[in-house]
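Fold and contact review
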Amino acid sequence: MQRYCSTEVVPPVLKVESGLCLLDATLVALYLLLLAGDICQNPGPETRFVNGEAGNLLNIPVVTSSRLNYLRPFNRPTARSLVSIPIVNEKYRCVRKHLRLCCLNARSIKNKSADFVCYASSTGADIFAITESWLFERGMAHKTEITLPGYKLFEHQRVDRTGGGIALLLNEAIDVRKEDSGERRSFEFGEWILKHGSSKLRVIAIYRIPHSATHPVSTSVFLDEFLAYLESVVMSPEPLLITGDFNIHVNVPNDSDAARFLELLTSMGLEQHVDKPTHISGHTLDLIITRCSDSLLYAKPIADYLFSDHITVLCDLDKFSPLTEEKVRKLINSSTNKSCNLDPMPTSLVIDCIDVLLPIITKMINLSLESGLFADDWKCALVLPLLKKSGLDLLYKNYRPVSNLQYVSKLTERMVYEQIHTHMMTHSLYPEFQSAYRKNHSTETALVRVTNDILMKMNTQEVTLLVMLDLSAAFDTVNHNILLTRLNEELGICGLALEWFRSYLAKRGQRVSIDGSLSERFSLECGVPQGSCLGPLLFLIYASKLFRVVEDQLPHVHCYADDTQIYLSFKPISNTSQEDAIRAMECCIEKIRRWLIHDRLLLNDDKTEFIIIGTRQQLNKLQAMNIKVGGSEIKSSHQVKNLGSWLDPNLNMRHHITNVCKAGFFYLHNIRCIKKYLSRDSLLTLVHASPTPPQKLNDRHLNTIYKISNQSLETQVRMVKETDASGRTKGANKISIVYRPPTWRQ
């Protein structure tokens, strides 16, 4: 359903002032006439043009897609007698990482306030630079009307005569400071500094008054005055953006005024970006100008909508935020001192000389972000092959290639990671059921979610099929082109930022180090580096499509990085329900396999594990089950290891606690063998550093996930704790460990 508001003069039957204001009786009469077919909608006074095409009715489309193509022109036909107010999906605004700017010549915005509100709501722009606003001090009602909810208005009014005026309407999330405003003989201007997050931007709105009998000021005067003004702002430290109505036909090649104007911009290191007509006459008058070195825009601005006799201009601002020396110093202080053999100097020496090297390191990182290039020397990784688990055969597939990267490259990656992570957290772009690599999410939270769902189903006498999928070398098979597409479509990363990622992924290589010997460098055509902070985040983005692939399937999915858990619950009332559950699970797995193959990932069919969980009574009603995964038949297991915890069919955690206690006794025995050679402080340090410290045997998974009622399991934990205390309470090395009941008993 759409609401309509009129912005032109209409017949007396329908009186509209700044919106839809109808008397009840008039409304009824109007509807009756419309139904009778005796009248038609007001056609409007003229035909308007949008994007070079004529139309009869302005029909702003209802936005239903949650993700739009950035800077896609809104196809608005042109008669403005009836303005369709769009239903805009709020998620659209959240998807954009960048700020959106709209340049608009209003020719009295107070007379087009309803039209402006409709248009501004549909574009979702954060900044509106308005020329010829025609706003005056007494027009508070008009100012209030055009100020959208969540926006704030700044303006410069023409003083000595009617018309003119500059206004800036911007999102409240943007901090603003007015630097200057005023009038010269030939133009009006307003100058503001905007701050969004850690980024600053100097925005200047210009309205050049055209030559006329009442204003006989030539273009030469404007060029002289504009040059003098540019000299005062062009060296400002912030990125610079100049926009407005210059009333110069820059699209006409043989226009002498346009040639002189463009030459002036070039001489000042500035660039004009608008290349489409912005006036009803077909000329380009409304411009967007930036420094050539600032790279503020990631795409050409578009001429969007004929608002007055001018067409609005939309553009998006997008780039990584530059870094300060203080921010880089904090990052260095919080980073490890680990060096790489490929570093030109040891990391410890860099930190010792940080006061001297800090400006250089900051400049190197900022140059990478501002240019959209990742240095080729930073792309080579030193790989140390490590066994995934102790005791595995020395086979290629059992090794994990851990990459060691150069120190400055890791600092640069960390800065990019923080900005992308902040963007994803701010706009809720992380997959809801992905628990890896972010604060307050861990293997614990993943287990909490899955086991809680299973326990709730057990309470309703249902059993759960739990399947754990295993991906083969998931980080090493990431396709770069697919990843770049996902960064653009899922996160809205475009332009310079996307080019940085393209450079980061291209021409990567690695050298393998074994016992101090280095291999030759060889190229990597796919994959993200393990051992870096950015690699895991990129994998999460790459694999985020998994949740959309299975969103229409019956099973639930929860992931921790590449560890995928699929589970489906059902009541074992008949063989049919069991068969339906198996069929639904196999269908879901097959759909995931097809997506993995399409996205160049591989599922280890034979390493997939499967367990059925429920109460004893309900499990006894089931027949033997197998799950078909690819070409493999997977049998139900009696216990499986899931994210560090052992799960059993009744979820009583007996096997898990037994293994934890076994590891505790093992380390206690080893520590006790060398106890006499250690001081008390060394012994205490060793106890806390052991992989399974006895004082932590109220394991975090047990604390938060399971409510154990079996007293014998609690007794096992108590025995390990008491053995720990008694085994180290003799002589001068006495260590007091106070036993506290596990929190799952509380």
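Being a predicted model, the structure only gives us computed values, none of them experimental.

A closer look at the overall build of the chain
Along its length, the chain carries 21 helices and 29 strands. Counting over 746 residues, the chain shows a buried share of 50%. Sequence-distant contacts, at least 24 apart, represent 69% of the contacts inside the chain between residues at least 6 apart. When the accessible surface of the chain is split by element, carbon and sulfur atoms take 54% of a total near 35,800 Å².

Thoughts on unusual backbone geometry
Unusually for a residue other than glycine, R107 sits at a positive phi of about 50°. Residue position: R107 is located in the loop between β5 (99–105) and α3 (113–123). Despite not being glycine, N247 has its phi angle at roughly 50°, a positive value. Positionally, N247 belongs in the loop between β12 (240–245) and α6 (256–267).

Considerations on a positive patch on the surface
Taken together, the side chains of K388, K389, K397, R400, K607 and K641 make up a positively charged region of the molecular surface. Relative to the helices and strands, R400 is located in strand β18 (residues 399–404). Given the relative accessible area of 37%, R400 is considered partly exposed.

Points about the pairing of β12
Most of β12 is tucked away: 6 of the 6 residues are buried. Neither face of β12 is exposed, since L240, I242 and G244 on one face and L241, T243 and D245 on the opposite face are all buried. Pairing of strand β11 (residues 199–208) with β12, which is carried by 6 bridges, proceeds in the parallel orientation. Considered in β12, the bridge of I204 is made with I242. In this fold, the crossover linking β11 to β12 by way of helix α5 (residues 219–233) has right-handed handedness. In this sheet, strand β14 (residues 286–291) lies alongside β12 in antiparallel orientation, the contact comprising 5 bridges. The partner of I242 across the bridge, within β14, is I289.

Re the side chain of Q553
Turning to its location among the elements, Q553 is positioned in the loop between α15 (546–549) and β23 (556–560). Classification of Q553 by relative accessible area gives buried; the value is 17%. Not counting residues within four places of it along the chain, the set of residues in contact with Q553 comprises C587, C588 and K591.

Brief notes about helix α12 (residues 480–491)
With 12 residues, α12 should cover 16 Å at 1.5 Å per step; its first-to-last C-alpha distance of 16 Å lies within 8% of that length. Looking at where α12 begins, the residue whose side-chain oxygen comes 3.1 Å from the main-chain nitrogen of N481 is N479. At the exit of α12 stands G492, carrying a positive phi of roughly 75°.

Section: the confidence of the model for the chain
On average, residues of the chain score 79 in pLDDT, and 78% of them reach the 70 mark or higher. Low pLDDT (under 50) marks residues 1–28, which in the prediction has 45 contacts with non-local residues, meaning those over four places away or in another chain. Low confidence marks residues 30–35, where pLDDT is under 50. Its contacts with residues over four positions away, or in another chain, come to 5 contacts.

Description of the environment of E132
For E132, the location among the structural elements is in the loop between β6 (127–131) and α4 (140–146). In this structure E132 comes out as buried when scored by relative accessible area, which is 7%. For E132, the residues in contact, after removing those within four places along its chain, are N105, A106, R107, S108, I109, G164, G165, Y207 and D245. Looking at E132, its side chain comes within polar contact range of the side chain of N105, at 3.1 Å.

Details of the sheet that holds strand β25 (residues 609–613)
Strand order in the open sheet made by the 4 strands is β23-β24-β19-β25, with antiparallel pairing throughout. Strands with a single pairing partner mark the edges of an open sheet, and in this sheet they are β23 and β25. Direction aside, the axes of adjacent strands within the sheet are offset by 20° on average. Relative to strand β24 (residues 563–570), strand β19 (residues 463–469) runs antiparallel, the two sharing 7 bridges. The residue bridging L469 from the neighbouring strand is T564, located in β24. Sheet strands touched by helix α11 (residues 443–459): β19, β23, β24 and β25. Its angle to β24, the strand with the most contacts, is close to 10°. Sheet strands in contact with helix α16 (residues 575–598) are β19 and β24, and its direction is about 155° off that of β24.

Definitions and cut-offs
Residues numbered from 1 in each chain as written. Predicted model: local features only at pLDDT ≥ 70, side-chain atom pairs only at ≥ 80, totals over all residues. Heavy atoms only, no water. Helix = DSSP H or I, 4+ residues; strand = E, 2+ residues; numbered from the N terminus. Buried < 20%, exposed > 50% of the residue type's maximum accessible area, 1.4 Å probe, protein only. Contact = heavy atoms within 4.5 Å. Areas by Shrake-Rupley, 256 points an atom, 1.4 Å probe, with all protein chains shown as cover. Patch = residues over 30% accessible without salt bridge, like charges linked within 9 Å, V, L, I, M, F, W, Y side chains within 5 Å. Salt bridge = Lys/Arg side-chain N within 4 Å of Asp/Glu carboxyl O. Lys, Arg positive; Asp, Glu negative; His and termini not counted. Charge placed at Lys NZ, Arg CZ, Asp CG, Glu CD. Pairing = 2+ DSSP bridges. Right-handed = clockwise from strand over helix to strand, strands pointing away. Expected span 1.5 Å × (residues − 1). Polar contact = N/O pair within 3.5 Å; in protein donor to acceptor, adjacent residues only side chain to side chain. pLDDT = per-residue confidence, 0-100. Axes fitted to C-alpha atoms, helices over the stretch in contact; angles between N-to-C directions.

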